[in-house]
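Given next are the chains, with one letter for each unit.
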Amino acid sequence: MMDEQWKQLKIIKDFFQIQEDGQMPEGSKLLLDATELKIFEKGEDMVTVGNPPDDGMYIILEGEAHVLTGDGLLINELGAGDVVGELALIKDGVRKATVRAVTPAVCANIARNLFLEIANANHKVYGALLELLYTKTTQMVTERERLRSELEIASRIQTGFLPKSFGEFCKMENVKITARMKPAKEVGGDFYDIFRIDERRLCFLVADVSGKGVPAALFMTLAKTHIKNYMMLDMPVAEVVGLVNNRLNEDNEEELFVTVFVCVLDTDTGKLTFVNGGHNKPFISKEGKPFKQLDCKVDCAVGIMEDMPYREQSTELMPGDCFCLYTDGVPEAFDINGEMFSDQGTEDALNRHMEEAKEPEIFIERIYEEVEAFTRGAAQSDDITMVYLAR
């Protein structure tokens, strides 16, 4: 970045309140004139815990940095536009945390001694600094509130459309079924559905929309509604998924897609018909034997391209058998060391609780407990969703 060029960056113009014609408050101009460019290599400390704050304040123009405790624990992540050590300009003491560049970083720097020298000569500089920091803090709070509001809306959309009572389905012959979703902090697009097509046929499915937030939640409601509407027209499962795929491709400006596993169980014959649209393969237990991943073909995720072919497949799900659908939030749950729960871990967890496999509510609770125990307090990065049926 060329010398003086950085002063034309939007980050600098916003922070120092520079107008389109180049005008700015007097105090802001004095601060900007005292600001210099500094470059940090990856792994280099911008500020170090316990050190005096003589180097003053930094504004990150490019790159990323981590805020660390004295013990090296990560407490925040910073990027372009964030401010480091602003209170060091006006407050005595030592640095309370370390800020370390995790990529090469370019910063604008105001040294403490230079700031105090200018501020003592012109008290407007103190006011300018406080106003700049107040404006920056207000912007951060406003953005944080906007994001929180968006996540709350997305969460209400996502959870509001999911069935929560399964008693009517358990009245069907040799059917016990339940479902559960544990949403991540950043709302994803997992969903499930369970509904009767007629007196003997039960449709159940699980799906995962790409993306997060409100767009993913709205796409989820479209996908769920289309699937149910077409299934209730008594159409073959493969034809339904094909039609839904084409509908979701219409005006899909966000370029979202959904992986889905749709099943129809005929409770009279025990035939389970299904389509796998790019989703995780389910687990099945036959006659009380251990769970194994179902051997099935995987077709394209839904919403990627129009007129994709989907294959209808089938297996038997007779009295005594159990079937488990899930989203990738189960096998891809991470522990604090970055290790995944994995497909094998999921299979092992299912088989550790075979004695409770005929009681879906209890059984699903045990699997969620296993995942939680594995992650051991690591942040949940994705929704965790399961649909479980026992015959």
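Thresholds applied
- Residues numbered from 1 in each chain as written.
- Predicted model: local features only at pLDDT ≥ 70, side-chain atom pairs only at ≥ 80, totals over all residues.
- Heavy atoms only, no water.
- Helix = DSSP H or I, 4+ residues; strand = E, 2+ residues; numbered from the N terminus.
- Buried < 20%, exposed > 50% of the residue type's maximum accessible area, 1.4 Å probe, protein only.
- Contact = heavy atoms within 4.5 Å.
- Areas by Shrake-Rupley, 256 points an atom, 1.4 Å probe, with all protein chains shown as cover.
- Axes fitted to C-alpha atoms, helices over the stretch in contact; angles between N-to-C directions.
- Parallel < 35°, antiparallel > 145°, perpendicular 65-115°, else oblique.
- Left-handed = near helix turned anticlockwise from the far one by under 90°.
- Nonpolar A, V, L, I, M, F, W, Y, C, P; charged D, E, K, R; others polar.
- Core = buried A, V, L, I, M, F, W, Y, C linked by side-chain atoms within 4.5 Å.
- Expected span 1.5 Å × (residues − 1).
- Arc of directions from axis to C-beta.
- Salt bridge = Lys/Arg side-chain N within 4 Å of Asp/Glu carboxyl O.
- Phe/Tyr/Trp six-rings, centres within 6.5 Å; stacked < 30°, edge-to-face > 60°.
- Lys NZ or Arg CZ within 6 Å of the ring centre and 35° of its normal.
- Polar contact = N/O pair within 3.5 Å; in protein donor to acceptor, adjacent residues only side chain to side chain.
- Patch = residues over 30% accessible without salt bridge, like charges linked within 9 Å, V, L, I, M, F, W, Y side chains within 5 Å.
- Lys, Arg positive; Asp, Glu negative; His and termini not counted.
- Charge placed at Lys NZ, Arg CZ, Asp CG, Glu CD.

A. Expanded view of the overall build of the protein chain. Counting secondary structure elements, the protein chain contains eight helices and 18 strands. When the 391 residues of the protein chain are sorted by exposure, 48% land in the buried category. For the protein chain, restricting intrachain contacts to residue pairs at least 6 apart in sequence, the fraction spanning at least 24 positions comes to 72%. For the protein chain, the accessible surface area stands at approximately 19500 Å², while carbon and sulfur atoms represent 51% of it.

B. Spatial organisation of the packing of helix α7 (residues 342-352) against helix α8 (residues 360-375). For the pair α7 and α8, the least separation of the axes is 10 Å and the interaxial angle reads 135 degrees. Taken together, the axes of α7 and α8 are oblique relative to one another. The two elements α7 and α8 meet at a crossing, and its hand is right-handed. Residues Ala-349, Leu-350 and Arg-352 of α7 form the contact with α8, whose own contacting residues are Phe-363, Ile-367 and Glu-370. Each residue belonging to the contact of α7 with α8 can be placed in one class, and the counts come to four nonpolar, no polar and two charged.

C. Representation of the nonpolar core. Core analysis: the biggest nonpolar cluster contains 55 residues, and Phe-204 and Phe-323 have the highest contact counts within it. Sequence-distant contacts of Phe-204, defined by excluding residues within four places in its chain, comprise Ile-177, Asp-193, Ile-194, Phe-261, Val-262, Cys-263, Leu-265, Leu-272, Phe-323, Leu-325, Val-387 and Leu-389.

D. Spotlight on α8. Look at α8: 23 Å from first C-alpha to last across 16 residues, which is about the 22 Å you get at 1.5 Å a residue. Turning to α8, its buried residues are Pro-360, Phe-363, Ile-364, Ile-367, Tyr-368, Glu-370, Val-371 and Thr-375. Buried residues along α8 cover an arc of 150 degrees about the axis, so they all sit on one side. Looking at the buried positions of α8, the neighbouring elements they touch are β9 (176-182), α7 and β18 (384-390). Among the residues trailing α8, Arg-376 stands out with phi positive, at a value near 50 degrees.

E. Inspection of the pattern of salt bridges at higher detail. With the rule as written, the count across this model stands at 16 salt bridges. Asp-234 is paired through a salt bridge with Arg-201; the nearest N and O atoms lie 2.7 Å apart. Of this pair, Asp-234 sits in the loop between α5 (213-231) and α6 (237-249) while Arg-201 sits in strand β11 (residues 201-209), and the two are 33 residues apart along the sequence. Accessibility expressed as a relative area gives 18% for Arg-201, which makes it buried. Beyond isolated ion pairs, a larger network of salt bridges with shared partners links Asp-198, Arg-201 and Asp-234.

F. Representation of the packing of aromatic side chains in the model. Applying the stated criterion across every chain yields a total of eight aromatic pairs. Their ring planes at 20 degrees and their centres at 5.8 Å tell us that Phe-291 and Phe-363 sit as a pair that is stacked. Here Phe-291, found in the loop between β14 (283-285) and β15 (292-293), pairs with Phe-363, found in helix α8; they are 72 residues apart in sequence, far enough to count as distant. Owing to a relative accessible area of 0%, Phe-291 belongs among the buried residues under this scheme. Members of the aromatic cluster, each reached through a chain of ring pairs, are Phe-291, Phe-363 and Tyr-388. Above the plane of the ring of Tyr-368 lies Arg-180, whose end atom (NZ or CZ) is 5.3 Å from the centre.

G. Summary view of the side chain of Arg-201. At 2.8 Å, the side chain of Arg-201 and the side chain of Asp-198 are in polar contact. A polar contact of 2.7 Å, which involves the side chain of Arg-201, links it to the side chain of Asp-234. Setting aside anything within four residues of it in sequence, one finds Arg-201 in contact with Met-172, Arg-196, Asp-234, Val-264, Leu-265 and Asp-266.

H. Structural view of the environment of Pro-215. Tracing the sequence through the fold places Pro-215 in helix α5. Along the primary structure Pro-215 and Glu-254 are separated by 39 residues, whereas in three dimensions their C-alpha atoms are 7.6 Å apart. Leaving out residues up to four positions away in the same chain, Pro-215 has contacts with Glu-254 and Leu-256.

I. View of the environment of Val-94. Following the sequence through the fold, Val-94 ends up in the loop between β6 (83-84) and β7 (98-101). Exposure remark for Val-94: the relative accessible area of 41% places this residue in the partly exposed category. Considered as a pair, Val-94 and Gly-50 are 44 residues apart in the sequence and their alpha carbons are 5.2 Å apart. Beyond its immediate stretch of four places on either side in the chain, Val-94 contacts Gly-50, Asn-51 and Pro-53.

J. Geometry of a negative patch on the surface. Judged by side-chain charge, Asp-251, Glu-253, Glu-254 and Glu-255 come together as a negatively charged surface patch. Along the polypeptide, Glu-254 turns up in the loop between α6 and β12 (258-266). Overall, Glu-254 belongs to the exposed group, its relative accessible area being 55%.

K. Local environment of α6. The end-to-end C-alpha separation of α6 is 19 Å, in line with the 18 Å expected for 13 residues at 1.5 Å each. The secondary structure elements touched by the buried residues of α6 are α5, β12 and β13 (271-277). One or two steps after α6, the chain reaches Asp-251, where phi turns positive at roughly 55 degrees.

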